[in-house]
Amino acid sequence: MVPFRPLNIGPPSICGSYRIRYERKCKMEVQQILALVFRWIHIIPSMILVGGTIFLRCSLVPAANEVGGSDEVREAIRRRWAKLVMLSVLLLLVSGVYNFHLKAVNYKMDGTYLALIAIKVLLALAVFYLVAVVSGRSSMARRFREKEIFWLNVLCLAMIGIVCIAGYVKVFPIPEKVEPVEQARLVVDSYEDATQ
Ligand code: HEM
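To start, this report covers the structure provided alongside it.

Thresholds, definitions, all that
Residues numbered from 1 in each chain as written. Predicted model: local features only at pLDDT ≥ 70, side-chain atom pairs only at ≥ 80, totals over all residues. Heavy atoms only, no water. Near = heavy atom within 4 Å. Polar contact = N/O pair within 3.5 Å; in protein donor to acceptor, adjacent residues only side chain to side chain. Helix = DSSP H or I, 4+ residues; strand = E, 2+ residues; numbered from the N terminus. Core = buried A, V, L, I, M, F, W, Y, C linked by side-chain atoms within 4.5 Å. Buried < 20%, exposed > 50% of the residue type's maximum accessible area, 1.4 Å probe, protein only. Contact = heavy atoms within 4.5 Å. Donors = N, O, S within 2.8 Å, 3.2 Å for Na, K, Ca; no water. Tetrahedral: all angles 85-135°; square planar, octahedral: opposite > 155°, others 65-115°.

1. Details of the site of the ligand
For the ligand, the set of nearby residues contains 20 residues, the closest of which are Arg-39, His-42, Tyr-113, Lys-120 and Lys-170. Note that a nitrogen atom of the ligand is positioned 2.8 Å from one of the side-chain N or O atoms of His-42. Sorting the residues of the shell around the ligand by element identifies α1 (12-67), α2 (71-106), α3 (111-134) and α5 (148-171) as the ones contributing at least two each. No other element matches the six residues that α2 contributes to the shell around the ligand.

2. Focus: the nonpolar core
In summary, soluble globular proteins display a tendency toward joint burial of nonpolar side chains. The biggest cluster of nonpolar side chains holds 21 residues, and the ones touching the most others in it are Leu-49, Val-127, Phe-128, Val-131, Leu-155 and Met-159. For this core, the elements supplying multiple residues, two or more each, are α1, α2, α3 and α5. Ranked by the residues each element gives to this core, the list is headed by α3, at seven residues. In this structure Val-127 touches Leu-155, Ala-158, Met-159 and Ile-162, once residues within four positions along its chain are discounted. Listed in part, the six residues of the second largest apolar core include Leu-116, Ile-117, Ile-165 and Val-169.

3. So, the coordination of the iron atom of the ligand
For the iron atom of the ligand, every protein donor is listed as His-42 (NE2) and Lys-120 (NZ), and the spread of their distances is 1.7 to 2.0 Å. With six donor atoms in place around the iron atom of the ligand and angles of 84 to 180 degrees between them, the coordination shape is octahedral. Here Lys-120 lies in helix α3 and His-42 lies in helix α1, a separation of 78 residues in the sequence. Residue His-42 shares its accessibility class with Lys-120, and that shared class is buried.

See below:
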């Protein structure tokens, strides 16, 4: 943060309020940068997880079943995909919690929004469990892979559902919380507008 240089533009009261406004502006900028970075950290892993699973369901697994892909090739693919899955799940969880915190601090959450986010998070936790099992190497993972196409269908539907909910809460946003000071300023501004 660029150090504050007092401008000496009059009595300390003006200088003081100028400092407060300057510090608030810097805090806002830091918050906006964090919000942007955590939005990227949420969107990119969701692209990897959703896109990767749809690719597995619609091309890789049917092709491997059709040509009888060897176990070595399947294992080599599974090993690499499992690493991407774990990283994406971790980033989605961390950025999801931060996104929720940002919303809770800056927005008035209503019942509909909370219900939709709750459904989204529950679906996401089920997806995280299933995608970890299907890409895992345990005996249970092998049992799940016996019905791989079925579980990939379930995963694709759940993930598309999650993205649809995320899109809905973006398009029908909830109202922002307005700070009392800001509210007072809005009242003064509208009064000044009305009397001009
Ligand atoms: C498979 C897992 C997930 C996928 C595919 C996913 C996908 C998305 C997408 C595409 C967005 C919209 C991003 C934007 O336009 O800014 C979003 C927003 C969000 N996600 Fe997720 N997400 C997942 C898991 C989670 C989890 C586990 C949490 C919470 C712990 C979470 C919490 C949120 C929140 C709070 C938002 C912001 C909603 C808003 O704008 O009001 N997500 N998610």
